[in-house]
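Observations on the model geometry
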Amino acid sequence: MRIAGTRVSLRALMLPILAMMAVVAASNVAVQYPVQFWGLQEALTWGAFTYPLAFLVNDLTNRRFGPAVTRRVVYAGFALAVLLSVWLATPRIALASGSAFLVGQLLDITVFNRLRRMSWWQAPLAGSLLGSALDTVLFFSLAFAGDADMSVPVTYASTGITVPLWMGLAYFDFLVKLSCALVALVPYGALMGRLKPWTAPVSGTSA
């Protein structure tokens, strides 16, 4: 396969594609289960802890193969994950997750590519945070807004603020993703030295 001047074998892309698919499918199942410890059942689901791995896969793929190839990986992971998630989760969650995943990951690719020549941690951190913010808003809105069970009012004692359950879950979900984006810099930093960085073709612009 040749994309934007870069020749990449399908075999080389199978690992990131399968990793994307596995993370999204697992997260679509995990998001249906609240964390039952320390009174977090109205604040967090287990999906908040699994989904940020998709951004790590995205950023490592982008570093190695560049944005054009990474977009192909996202498209493939998106298609496979939606098909698998329809079976593992509900169709609404599968479609909401797929839509949010596609938009969030494409934003991550764009931000990462704009910042790839800056300090090693800036591109993955900024891309993950912005992509996670957009992904969280889209997913929880599309998956749970208007759902009677997920729209029950919840009051958080620390602030006295009352919001629908799905909004509270979205807020705390993003806080976990923010923390995971910082933690993910550790494996990213450890693995980046083993991945030859992509450079834009001399004869054209990067895609």
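Cut-offs applied
Residues numbered from 1 in each chain as written. Predicted model: local features only at pLDDT ≥ 70, side-chain atom pairs only at ≥ 80, totals over all residues. Heavy atoms only, no water. Helix = DSSP H or I, 4+ residues; strand = E, 2+ residues; numbered from the N terminus. Rg over C-alpha atoms; globule rule 2.2 N^0.38 Å. Buried < 20%, exposed > 50% of the residue type's maximum accessible area, 1.4 Å probe, protein only. Contact = heavy atoms within 4.5 Å. Lys, Arg positive; Asp, Glu negative; His and termini not counted. Charge placed at Lys NZ, Arg CZ, Asp CG, Glu CD. Expected span 1.5 Å × (residues − 1). 1 Å grid on protein atoms, 1.4 Å probe; cavity = no way out; pocket = protein on both sides within 12 Å on 5 of 7 lines; lining within 4 Å. Points joined across faces, edges and corners; volume = space filled by probe spheres on them. Core = buried A, V, L, I, M, F, W, Y, C linked by side-chain atoms within 4.5 Å.

Points about the overall build of the protein
Of regular secondary structure, the protein possesses eight helices and four strands. For the protein, the α and β elements follow one another from N to C terminus as β-β-α-α-α-α-α-α-β-β-α-α. For 207 residues, the compact-globule formula gives about 17 Å, and the C-alpha radius of gyration of the protein, at 18 Å, lands near that figure. In terms of its C-alpha atoms, the protein occupies a principal-axis envelope of roughly 55 × 35 × 25 Å. Split into buried and exposed, the 207 residues of the protein put 43% on the buried side. Considering only intrachain contacts with a sequence separation of at least 6, the fraction spanning at least 24 residues in the protein is 72%. Counting 14 positive and 7 negative side-chain charges, the protein places the averaged centre of each group 26 Å from the other.

Some points on helix 1 (residues 10-30)
Look at helix 1: 30 Å from first C-alpha to last across 21 residues, which is about the 30 Å you get at 1.5 Å a residue. For helix 1, the set of buried residues is L13, P16, I17, M20, M21, V23, V24, A25, S27, N28 and A30. Considering only its buried residues, helix 1 is in contact with helix 2 (47-50), helix 3 (53-65), helix 4 (67-88) and helix 5 (91-115).

Focus: the layout of surface pockets
Each pocket or cavity is described by its volume, and for the largest pocket that value is around 230 Å³. Every residue along the wall of the largest pocket is listed here: A12, L15, P16, A19, V57, L60, T61, R64, F65, L191, R194 and L195. Mapped onto the lining of the largest pocket, the elements with two or more residues apiece are helix 1 and helix 3.

Side note on the nonpolar core
Grouped together as the largest cluster of nonpolar side chains are 18 residues, with contacts concentrated most on L13, M20 and F101. Put simply, the parts of the chain that give this core at least two residues each are helix 1, helix 3, helix 4 and helix 5. The dominant element in this core, judged by the number of residues it contributes, is helix 1, at six residues. Within the second largest apolar cluster, 17 residues are counted, among which are A100, A143, F144 and L165.

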